[in-house]
Amino acid sequence: MTGALAAHDLSVRYETQHGAVHALRHVDIEAHPGEVIGIVGESGCGKSTLVTAMANLLPPNARIDGCISWNGVDLAKLDAHRQRLLRGDEIALVSQDPMTAFNPVLTIGDQLVDFQHHRRDLGRAQKRARIAAMLGRVGISDAERRMRSYPHELSGGMRQRVAIAAALLTDPGLLIADEPTTALDVTMEAQIIHLLRELRREYNGIIIVVSHHLGVIAELCDRVYVMYAGEVVEGGEVDAIFHDARHPYTQALLACDPARFHERLDRLPTIPGSLPNLTQPPSGCVYAPRCDRAFAPCNTIAPPLVKLSASHIARCHAVTTP
Ligand SMILES: Nc1ncnc2c1ncn2[C@@H]1O[C@H](COP(=O)(O)OP(=O)(O)OP(=O)(O)O)[C@@H](O)[C@H]1O
Ligand SMILES: [Mg+2]
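What you see is a predicted model, and the numbers here were worked out from it, not measured in a lab.

1. A word on the sheet that holds strand β1 (residues 5–16)
Here is step 1: On the basis of which strands lie adjacent, the open sheet formed by four strands has the order β2-β1-β4-β5 and antiparallel pairing. Whereas interior strands pair on both sides, the edge strands pair on one side only; in this sheet they are β2 (19–31) and β5 (73–74).
Here is step 2: Both β1 and β2 contribute to a ladder of nine bridges, which runs antiparallel. Pairing of Tyr14 across the sheet is with Val21, part of β2.

2. Observations concerning the pairing of strand β9 (residues 223–228)
Here is step 1: Taking burial as the measure, the six residues of β9 include six buried ones, the bulk of the element.
Here is step 2: Of the two faces of β9, the one carrying Arg223, Tyr225 and Met227 and the one carrying Val224, Val226 and Tyr228 are both buried.
Here is step 3: Direction of pairing for strand β3 (residues 36–40) relative to β9: parallel, over a ladder of four bridges. Each residue of the ladder has a partner; that of Ile39, found in β9, is Tyr225.
Here is step 4: As paired strands, β9 and strand β10 (residues 231–237) are joined by six bridges and run antiparallel to one another.

3. With respect to the domain arrangement of the protein
Here is step 1: Taken as a whole, the protein is organised into domain 1 (5–90 + 172–315) and domain 2 (94–171).
Here is step 2: Contact with domain 1, which involves 20 residues of that partner, is made by 16 residues of domain 2.
Here is step 3: On the domain 1 side of the contact with domain 2, Asp89, Pro172 and Leu195 bury the most area, a combined 27% of that side's loss.
Here is step 4: Remark: the boundary between domain 1 and domain 2 carries zero salt bridges.
Here is step 5: In this structure, the connection of domain 1 to domain 2 is made through two residue pairs in polar contact (both at pLDDT 80 or more).
Here is step 6: Among the secondary structure elements, those contributing two or more residues to the side of domain 1 that touches domain 2 are α2 (80–89), β7 (174–178) and α7 (186–202).
Here is step 7: At six residues, α7 tops the list of elements feeding residues into the side of domain 1 that touches domain 2.
Here is step 8: Of the residues contributing to the side of domain 1 that touches domain 2, the split by class is 11 nonpolar, five polar and four charged.

4. Observations regarding the environment of Cys221
Here is step 1: With respect to the helices and strands, the residue Cys221 is situated in the loop between α8 (214–220) and β9.
Here is step 2: Here Cys221 falls in the buried class, since its relative accessible area comes to 7%.
Here is step 3: Expressed as a C-alpha distance, the spacing of Cys221 and Val36, which sit 185 residues apart in the sequence, is 4.8 Å.
Here is step 4: Leave out the neighbours within four places in its chain, and Cys221 touches Val36, Ile37, Gly38, Arg200, Val209 and Val238.

5. What to know about the site of ligand 1
Here is step 1: Taken together, 18 residues surround ligand 1, and among them Ser43, Gly44, Lys47, Ser48 and Thr49 come closest.
Here is step 2: Summarising the interface, the protein chains cover 69% of the accessible area of ligand 1, which totals 640 Å² for the free molecule.
Here is step 3: Breaking the shell around ligand 1 down by element, the ones donating at least two residues are β1, β2 and α1 (47–54).
Here is step 4: Top contributing element to the shell around ligand 1 by residue count: α1, with three residues.

6. Digging into helix α4 (residues 124–137)
Here is step 1: If you check α4, its first and last C-alpha atoms are 20 Å apart, about what 14 residues at 1.5 Å a residue would give, namely 20 Å.
Here is step 2: Burial in α4 covers these residues: Lys127, Arg130, Ile131, Met134 and Leu135. Seen from one end, α4 has its buried residues packed into an arc of 135°, which puts them on one side. Exposed residues pointing more than 90 degrees away from the buried face of α4 are listed as Ala125 and Ala133.
Here is step 3: Where α4 is buried, its residues touch α3 (108–114), α5 (143–147) and α6 (156–169).

Basis of the calculations
- Residues numbered from 1 in each chain as written.
- Chains lettered and ligands numbered in written order.
- Predicted model: local features only at pLDDT ≥ 70, side-chain atom pairs only at ≥ 80, totals over all residues.
- Heavy atoms only, no water.
- Pairing = 2+ DSSP bridges.
- Helix = DSSP H or I, 4+ residues; strand = E, 2+ residues; numbered from the N terminus.
- Buried < 20%, exposed > 50% of the residue type's maximum accessible area, 1.4 Å probe, protein only.
- Domains from an automatic or database assignment.
- Contact = heavy atoms within 4.5 Å.
- Buried area = accessible area lost by both parts, 1.4 Å probe.
- Salt bridge = Lys/Arg side-chain N within 4 Å of Asp/Glu carboxyl O.
- Polar contact = N/O pair within 3.5 Å; in protein donor to acceptor, adjacent residues only side chain to side chain.
- Nonpolar A, V, L, I, M, F, W, Y, C, P; charged D, E, K, R; others polar.
- Near = heavy atom within 4 Å.
- Areas by Shrake-Rupley, 256 points an atom, 1.4 Å probe, with all protein chains shown as cover.
- Expected span 1.5 Å × (residues − 1).
- Arc of directions from axis to C-beta.

Have a look at this one:
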């Protein structure tokens, strides 16, 4: 594990009344400072589970195996206090529903002051000045008025911007945006993407963007991990994934509509079939039941990780090294 952020052999299952849901299996990913990483895959394939695990915010019914390290430190080995500090100071998650980031009974201004609790060197007035500047940076012009508002008084797009501002006020080394655009209309979505692109230029931490939208990923990211049914099936630089995809699942995603992946698609193109039941994942390749290139071993033997270049990997029996 060499990246500032690295997950190694990471598995997560959720204990439920109907058995354990194997939401993530044997995932390896890494990210380096300055990189923008995209995570793409259809609904239910484990994207939020992965990023929530990285932010150390999984719900109590989650069981985790494997290792996540941040700057060389294994997150699981930290005590609860240090984990909380890390979450508040270094790792920020903007979740799928920005409403969950806020307390409904406090004004935006008061909450954004609280988000800076780690800055003991600053007084309240300085913190408010920092907030006004940050709100301006995320495209909110009447910052003073917004600081007096309550979360429900803001539109969805504005809440999403404020959530991003709140995350940035903590000066995180890792900013995770889980589907930053799902709750938004097309104009808002374009503005948020623009904002993330701007940040990308100024920010030397790691940004992880989770999206259904191939276009968003292609525009914003340096590297992409493609997930299917709880596994990373392919990973590599944006160019390699969009122009030289090797895994049949990635190819199917792109082949559904090759001309449109630079547009903002409302959802991933649909591939015939559906995700396997994650309470009983297939013993062979997870994609085999839907794959038109599957052959005998695919149904019984988990495919190996094939390294196609220094950064391009695919997990497939049909892929061979060049
Ligand atoms: N708290 C939970 N308890 C039980 N199962 C859960 C829980 N959270 C998620 N799951 C299940 O884990 C699997 C992965 O879910 P996850 O939310 O990580 O997927 P996702 O890729 O983020 O999907 P989406 O694109 O819809 O946000 C799904 O089968 C989901 O139903
Ligand atoms: Mg999700």
